[in-house]
Amino acid sequence: MTKEELFSHVIAYFEATMPVAETELQYRNAFELLVSVILSAQCTDKRVNMVTPALFAKFPDALSMSKASIDEVRKYIKSISYPNSKAEYLVKGSKILFEKFNSKIPSTVEELTTIPGVGRKTANVLLSVIYNQPTMAVDTHVFRVAARIGLTTNAKTPLQTETQLVKYFPAEKIPLAHHWLILHGRYVCLARKPLCEKCGLTKWCKYYNQKIKAKNN
Ligand code: SF4
């Protein structure tokens, strides 16, 4: 099977089973998405969604958050992982967003990554969700699931995964494909023990055919 054939089977499967796939983070505008994505590093979306309503009620935009003290912001996010550094990112990042970008979320990776707390992965999420750009944010789920299925080959870094995935996914499907792989990794292709018996990709999945099926035979 060629890579093109594999991608086309995977796309057809997810289009049938997950026609709508979106971030589970709750946000009302681009600023709230930026904050939520920064908070979600090494933390579940569910937990982030528990703290953001009060945080956004107090600091609804870049200007108000830029004027807050780090201690003040930390109080709102103390149940999240790494509250100290994330509070610092939010205050310093909001300042840069307000002063340098007039509170508008920038539309390039280069500009976005000048904001504290925003790395390539976060920048790609924002570009994909806000601007519908064909960027593939690679988190731990995307990295693992893509490798298991065989969509990527010997990818050692998130950037290698990103490069291989954007080469084969049609541009208009990339924002959706990002969510397909994340949600599949979160609920089916689990890190420790993938639920292959619940997965419709067994026929094409490299991991299943090389590890699971071979072991059962
Ligand atoms: S068959 Fe198993 S390993 Fe392959 S994608 Fe599905 S759950 Fe993951």
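Within any chain, residue numbers begin from 1 and follow the written order of that chain's sequence. In view of the model being predicted, local features appear only for residues whose pLDDT reaches at least 70, and side-chain atom pairs are presented and counted only at 80 or more, with totals across whole chains, interfaces and linings using the full set of residues. The basis for every side-chain value is the complete set of non-hydrogen atoms in the structure, without hydrogens or water.

*Asks:* Give me the lowdown on empty space enclosed by the protein, citing residues and values where you can.
*Replies:* Method remark: on a 1 Å grid restricted to protein atoms, a set of points is classed as a cavity if a 1.4 Å probe fits but cannot get out and as a pocket if it is open with protein on both sides within 12 Å along at least five of seven lines; lining residues have an atom within 4 Å of a point. Grid points are joined across faces, edges and corners, and a volume is the space filled by probe spheres set on the points. Scanning the model with the defined rule gives two cavities of 30 Å³ or more in all. Empty space within the largest cavity amounts to approximately 100 Å³. Lining of the largest cavity is provided by 13 residues; of these, His184, Cys189, Cys196, Cys199 and Cys205 occupy positions nearest its centre. For the lining of the largest cavity, the residue count by class is 10 nonpolar, two polar and one charged. Within this model, the second largest cavity holds a volume of roughly 40 Å³. Any residue outside Ala, Val, Leu, Ile, Met, Phe, Trp, Tyr, Cys, Pro, Asp, Glu, Lys and Arg is labelled polar, Gly included; the first ten of those are nonpolar and the last four are charged.

*Asks:* Got a sec to walk through the side chain of His184? Specific residues and values, please.
*Replies:* In this description a helix means any DSSP run of H or I spanning at least four residues, a strand means any run of E spanning at least two, and both kinds are numbered starting from the N terminus. Following the sequence through the fold, His184 ends up in helix 11 (residues 174–187). Think of it in three bands: residues with accessible area under 20% of the maximum for their type are buried, residues over 50% are exposed, and the middle band is partly exposed, with areas taken using a 1.4 Å probe on protein chains only. Owing to a relative accessible area of 4%, His184 belongs among the buried residues under this scheme. Once residues lying within four places of it in the same chain are set aside, the contact partners of His184 are Phe14, Met18, Val145, Cys189, Cys199 and Leu201. Only heavy atoms enter the contact rule, under which two residues are in contact if any of them lie within 4.5 Å.

*Asks:* Go over the domain arrangement of the protein chain with me, naming the residues and quoting the values.
*Replies:* The domain architecture assigned to the protein chain consists of domain 1 (3–21 + 139–216) and domain 2 (30–131). A C-alpha centroid distance of 29 Å is found between domain 1 and domain 2. Counting residues at the interface gives seven residues for domain 1, matched by seven residues for domain 2. Both faces considered, domain 1 and domain 2 share a buried interface measuring about 480 Å² in area, 47% of it formed by carbon and sulfur atoms. Under the rule applied, a polar contact is a pair of N or O atoms within 3.5 Å (in protein, one hydrogen donor and one hydrogen acceptor; residues adjacent in sequence only if both atoms are side-chain atoms). The interface formed by domain 1 and domain 2 holds three residue pairs in polar contact (both at pLDDT 80 or more) in total. For the side of domain 1 that touches domain 2, the secondary structure elements donating two or more residues are helix 10 (158–168) and helix 11. If one sorts the elements of the side of domain 1 that touches domain 2 by residue count, helix 11 sits on top with four residues. How far each domain reaches was decided by an automatic or database domain assignment. Put simply, buried area is how much 1.4 Å-probe accessible surface two parts lose in total, over both of them, once they are put together.

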